[in-house]
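Observations on chain architecture
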Amino acid sequence: AKHPDAAFWTSLTKMLLAEGHKPALLGGEAEKPLGQEVASALHAHPLNLCGRFNVEELVTFLGGLDLLITPDTGPMHVAVWSGTPVLNISVGPVHVWETGPFAPGHHALRAGIECVGCWRCTRPHMDCRELLSPGKTARIALDLLHGRIPTPDRAAGCELLQSGRDHLGRYALRSLFGADTLRDNFSVFWQNFFTTLFSADDAGSVSRTFADLSAKHPEAAEAFALAGRNLVIDAAKRLKKGGTMLGDDADWWRGFAPEVRPLSGYLHMVVQNSDGVPRRAFEALELL
């Protein structure tokens, strides 16, 4: 679900070839059939390098590329850290804030719909795949290869993000098309929350982030407050009953609204990793 199919790669490769570029198909042993299918459709078998390299050879080869176009893969992160420019096709059940290129100056292209960033698609059709077409990907890739700044009309219905760092030096993604999704606002809020939690930073940044989110999305902020209240009540009830918060319910954290799952998921791990020691459960409740 996270990887485009052969038809996508065939069309994309054809468009890059038509513009005078020299694309190569990369993959491991598992991608050999896919590479062969694409190469056969293009009548260009020399382009297919799937399964040709060991890890050391792959690193060397990546270093010579002008751009690596890839979904969420291990070689993407290898390319990022070795300095090869990356265009990450963020499609399917992935969250670009967790799976995108982490070093500054790289790019991620994703569908411009609210549900992007899921870990399990619940829609009848994977809309994000349909929006992220080979033509849009090719236009963005060509802009990056030729040093042009991509504009929204080059990939209508999609969002282009650039990796970087914020004022505290933390990982950040900046939308080059000016999009500002609700999910991204919540991502920034939770980033500030956990930064404050683990580094004793100014807690005011959490309040400011939430105030900003409330101004942009008042209904979502209200729903967030209600979800947080429900999380506190449920956790307190479980503590009263048995001294542990979660018992044996492996899906406890999923029972809450998506807005608060970063915290319910973290609390779940805190208690699980301590084998349900009551003291740790109460520490978790303090966070709430």
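To be clear, the structure that these remarks concern was listed above.
In this convention, every chain numbers its residues from 1, walking through the sequence in written order. Note on the predicted model: pLDDT of at least 70 is required for a residue's local features to be given, and 80 or more for side-chain atom pairs to be given and counted; whole-chain, interface and lining totals, by contrast, use all residues. Only heavy atoms go into the side-chain values, all of them from the structure, while hydrogens and water stay out.

Side note on the pairing of strand β3 (residues 107–111)
The side chains of a regular strand alternate between both faces of the sheet. Exposure classes here rest on a 1.4 Å probe applied to the protein chains alone. A residue is buried below 20% of its type maximum, exposed above 50%, and partly exposed in between. Only DSSP runs of H or I covering at least 4 residues are called helices, and only runs of E covering at least 2 are called strands; the numbering of each starts at the N terminus. Counting buried positions along β3 gives five out of five residues, so the element sits mostly inside the fold. The criterion for strand pairing is that DSSP finds at least two bridges linking the strands in question. As judged from the three bridges shared by strand β2 (residues 86–89) and β3, these two strands associate in the parallel manner. Along β3, the bridge assignment pairs asparagine 88 with alanine 108. In this structure, β3 lies alongside strand β4 (residues 158–165), joined through five bridges in antiparallel fashion. Each residue of the ladder has a partner; that of leucine 109, found in β4, is leucine 160.

Examining a nonpolar patch on the surface
Surface patches are drawn from residues lacking salt bridges whose relative accessible area is over 30%; two like charges belong together within 9 Å, two nonpolar side chains (Val, Leu, Ile, Met, Phe, Trp, Tyr) within 5 Å. To be clear on the numbers: accessible area is Shrake-Rupley with a 1.4 Å probe, and residue cover counts the displayed protein chains and nothing else. Think of a salt bridge as a Lys or Arg side-chain nitrogen and an Asp or Glu carboxyl oxygen that are within 4 Å of each other. Together, Val55, Val59 and Val78 give the surface a local cluster of nonpolar side chains, amounting to about 230 Å² of exposed area. Residue position: valine 55 is located in helix α3 (residues 55–62). Using a relative accessible area of 65% as the deciding quantity, one classes valine 55 as exposed.

Remarks on the sheet that holds β4
The sheet built from five strands is open, its strands ordered β1-β2-β3-β4-β5 with mixed pairing. Every other strand in the sheet has two partners, leaving β1 (68–70) and β5 (171–175) as the edge strands with one partner each. Ignoring strand direction, the axes of neighbouring strands in this sheet form an average angle of 25 degrees. As paired strands, β4 and β5 are joined by five bridges and run antiparallel to one another. Bridging from a neighbouring strand, serine 163 pairs with leucine 173 of β5. Sitting on the sheet, helix α7 (residues 134–145) touches β1, β2, β3 and β4, and the angle it makes with β2 is about 165 degrees. To get an axis, fit a line to the C-alpha atoms, keeping to the stretch in contact for a helix; angles then go from 0 to 180 degrees between the N-to-C directions. Every residue pair with non-hydrogen atoms within 4.5 Å of one another is taken to be in contact.

Functional significance is not addressed by these values, which are geometric in nature.
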